[in-house]
Amino acid sequence: MSDNENTNAVRSKMWREEPEPDNPFATRAAYIRGYDVYGEMLGNARWVDMLYMLFHSEAPTPAQADTLEALAIALANPGPRDASVHAAMCGGVCGSTAASSLMAALAVGAGQLAGGREVFLAMENWQACGTDLEAWQQRLMDPGTTPGSVWPAPEHPPGFDPHGVRTTTVVKQTLACLARYAAGTYLPWLNENLDAFEATAKAPLTLSGVAAIALADLGFSPEQGEMMHLLLRLPGAAAHALEQHPLGYKKFPFGIVELEGPELKGQS
Amino acid sequence: MSDNFGEVFHSHIWEEKAEPDNPFTAAACYCRGYDVYGDLLSKATYIEYLYLLFKGERPTQEVAAALQLLAIALANPGPRDPSVHAAMAAGVGGSPAASVLMAALASGAGSYGGGREVLLAMQAWIDCGTNLENWQRYLSSPQAPSRPLFWPQTEHAPGFDPHGVTCSTIVTQTLQQLCRILPDGQLNWLAKEQPALEKAAGIPLAMTGVVAAAFTNLDFSPAEAEMLTLLWRLPGAAAHALEQWQRGFRQFPFFSLDLENDPGVTGLKEKT
Amino acid sequence: MSGPDILKTFEGPMRTKVGACFPGERTVFRGYDLHAEFKHAEWIDLYIFSITGRRLTPIQLKVLQGIWVYTSYPDPRLWNNRVAAMAGSARGTGAQGLGAAIATSEAAIYGRQPEITVADFLIRALKRTEAGESLEQVIRQELGIHKRLLGYGRPVATLDVDERIPVTLDLMQHEGVEIGPHLKLAFEVERVLSEVAGRPLPMTYSAMVVSIPMDMGFSPLECYLYMQPCFIAGMIPCYLEALERPEGATFVMRCDRLEYDGPAHRSWD
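Every value quoted in this text rests on a predicted model; they were computed, and no experiment measured them.

Draft legend 1. Highlighting the domain arrangement of chain B. All names here are of chain B. We note that the domain assignment places domain 1 (14-60) and domain 2 (63-249) within chain B. Look at where the C-alpha atoms of domain 1 and domain 2 centre, and you get two points 29 Å apart. Taken residue by residue, the interface counts eight residues in domain 1 and 14 residues in domain 2. Area buried by domain 1 at its contact with domain 2 is led by Ile47, Phe54 and Lys55, which between them contribute 59% of it. Glutamate 224 is the partner of lysine 55 in a salt bridge, and the nearest nitrogen-oxygen pair spans 2.9 Å. Our count for the domain 1 to domain 2 interface comes out at four residue pairs in polar contact (both at pLDDT 80 or more). Considered class by class, the residues forming the side of domain 1 that touches domain 2 number five nonpolar, one polar and two charged.

Draft legend 2. Just the sheet that holds strand 1 (residues 15-20) of chain A, in detail. Residue and element names in this part refer to chain A. One open sheet holds the three strands; their spatial order is 1-2-3, and the pairing between them is antiparallel. For this open sheet the edge positions go to strand 1 and strand 3 (35-36), each flanked by a neighbour on one side alone. Alignment of strand 1 against strand 2 (residues 23-32), held across six bridges, turns out to be antiparallel. Bridging from a neighbouring strand, glutamate 18 pairs with alanine 29 of strand 2.

Draft legend 3. Examining the side chain of Thr216(B) more closely. Residues and elements named next belong to chain B. With respect to the helices, strands and loops of the structure, threonine 216 is situated in helix 10 (residues 207-217). Overall, the relative accessible area of 14% leaves threonine 216 in the buried class. In this structure, threonine 216 is in contact with Met122, Trp125 and Gln186, ignoring residues within four places of it in sequence.

Draft legend 4. The interface of chain B and chain A, seen in detail. With 94 residues of chain B in contact, the opposing surface of chain A contributes 93 residues. Of the roughly 8,100 Å² buried between chain B and chain A on both sides combined, carbon and sulfur atoms contribute 68%. On the chain B side of the contact with chain A, Phe9(B), Tyr37(B) and Tyr46(B) bury the most area, a combined 10% of that side's loss. Where chain B meets chain A, there are four salt bridges. Between Arg166(A) and Asp21(B) there is a salt bridge, and its shortest N-O distance comes to 2.7 Å. Counting every contact that joins chain B to chain A gives 24 residue pairs in polar contact (both at pLDDT 80 or more). If you tally residues by element for the side of chain B that touches chain A, the top one is helix 12 (residues 234-247) of chain B, at 10 residues. Looking at the side of chain B that touches chain A residue by residue, the classes come out as 58 nonpolar, 26 polar and 10 charged.

Draft legend 5. Layout of the pattern of salt bridges. Considering all chains together, one arrives at 36 salt bridges over all chains under this definition. Arg28(A) serves as the salt-bridge partner of Glu18(A), at 2.3 Å between the closest nitrogen and oxygen. Residue Glu18(A) is located in strand 1, and its partner Arg28(A) is located in strand 2; the two are separated by 10 residues in the primary sequence. Under the relative-accessibility criterion, Glu18(A) is labelled buried at 18%. Here Lys17(B) ties to Glu15(B) by a salt bridge, and the two come within 3.1 Å at their closest N and O atoms. Relative accessible area serves as the criterion here: at 13%, Glu15(B) is assigned to the buried category. A single salt-bridge network, built from bridges that share partners, covers Arg154(C), Asp162(C), Glu163(C) and Arg164(C).

Calculation criteria
Residues numbered from 1 in each chain as written. Chains lettered and ligands numbered in written order. Predicted model: local features only at pLDDT ≥ 70, side-chain atom pairs only at ≥ 80, totals over all residues. Heavy atoms only, no water. Domains from an automatic or database assignment. Contact = heavy atoms within 4.5 Å. Buried area = accessible area lost by both parts, 1.4 Å probe. Salt bridge = Lys/Arg side-chain N within 4 Å of Asp/Glu carboxyl O. Polar contact = N/O pair within 3.5 Å; in protein donor to acceptor, adjacent residues only side chain to side chain. Nonpolar A, V, L, I, M, F, W, Y, C, P; charged D, E, K, R; others polar. Pairing = 2+ DSSP bridges. Helix = DSSP H or I, 4+ residues; strand = E, 2+ residues; numbered from the N terminus. Buried < 20%, exposed > 50% of the residue type's maximum accessible area, 1.4 Å probe, protein only.

In structure tokens, the structure reads:
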């Protein structure tokens, strides 16, 4: 564990900072992909432009920015019934700190059911299969598992609802809206071929499934898409956590448990 | 446990109407009365929607523009920031995405540059208003809140940079741009009184100070502003973490230690 | 020294007394060789040493570990456990569920906030009563500043004796650990507070779990750090059982389990 001259520098293709002349620890200017963030982008750019450029080397086209903006709205609040928002509310209702409520939302919103991992896996599938229905059929039949992974083994095709009856109105509305911007090829194709696509999985498409496709259309890698999904779903968790705090824990559902099996074991 | 708890979630933010054939999926979701997927999706901007989510009403054009600006100013604190550094440290070792963001949250939540600092600075705005004498009194001996006690003691006036010499250019630029959009209120007062306030604090204004003034100006509560600060600082942490993972841990600074109490290789030496 | 000069003095190798690892050779832990000094140590011994820099006696460690055991409740409804359970239900990883559940345990109505707050109060109250002030006066003054005295009155089963208290007292007696001044005072506060408040506000486990380590010389911050892992054993089964149920089948919520009381439907145009 030795260090030489350059090991203490963080290397980045994305971000550059120039110091103030009187303080090497203060920033005079910060550039993202060459654009002056505080000198030029403030007041001129949209938040989605900034978000897009954090992950891509170029600024988004208007269609890409609009798609990202609509996707951000679609994902912003999964609603209190969603596991991640429920977890954040468990923090908020008992006065846990703001950051721990968001950590709870992240932890619970990270998994393979409607979470970041589901988007990652779905995006891997899109990378492998594209718009080839036969390839989809084969891949969904034999999803393969990663032995020794920290993730629980997948229990349903990613991007589809294991408990769903048919495509929900919300999913159809989001898909139709995003497809109209035509930022890529997958969304418009899927909007036309939804029935056939869902038949390959024998389950309806979910909102995280739509998010995966939109993120793939916007040129995000599966790793980036997972991050985006995690980030974009947090505002609702934050708002509901704040909302529950003044309502108090007595109004918040606690549930009832029913112990199974022998009630008490090993009692003397 | 015999205590009476609620049976349902109560919310004035969110309402869901079930699909006729599945009580566990929503056919429509209403945010503060607006149909999110049927109406808002293609009409509202993201910032407008966030404002609706937190504040219950649509923002005016100026408010939306100010929030847009604030979200961009906060989006990437840069790799030198503790929260981004923590995210990169998680990312470079291949920790899962959510762990990366949890690391960024934990390190971006405190009273040095984090969400807590914005909250504390906003409480100072509530206490001092736009009265210079109040501020001067407060800044000469800032009182830390007595609860909750697990937060480490604040070591500087919240909203100011303890290690700064003069206010950095990016902070000044952010303040000026915000003042252009919101010419009345706390932001403008801050810009006008900045020299006097910095003199009282003995240190220059920091980004958290501008952010706190902006959220105060926009009628957000300290708790709401703390949440939004936490949220809006995450994208940069996410992007830098992925970038470092791609580059690999050998390129990532490891730093060196100067161990001040090394017992040496034998190590069994008793210490008092 | 001020401004960036302070930062400049901290550039270069990081000066530390905490420790360092020398891969392939050894690790120094707070000035000791970890593998030599702690070769036969219990984990709690090292954990307490990591916080205080002191090694406690085996019977003291036994009591401190007992507290962790007695407050490990695998009830998935408890809010912090629910975070772990939901992580399992949403098929997230164990580390994330556990990490977030630990962070959530820093709650205002249970866990770390009442603990550190009552610790801070008991230290001040002990100093003042030892100097001759009446406990009633100290309590009344505290209630003048803060509406509630955290550590007294449990959010659930408010009027009952906290079931963890008698079993902890038994353990202390069994191990021969005496009731010290902080714990004694904590019980006295319970009696006087009920008189002042005019209603019973039984002591919660929060007051006990800080009084005992404070009687062993811990500061409130050290108590707070000592308690960090205390709920973990109760969280793990909640995560695991959620994994055993079908995905999404833990804390199932129909749309109508959401009671909306905001503005009526309106159009964006």
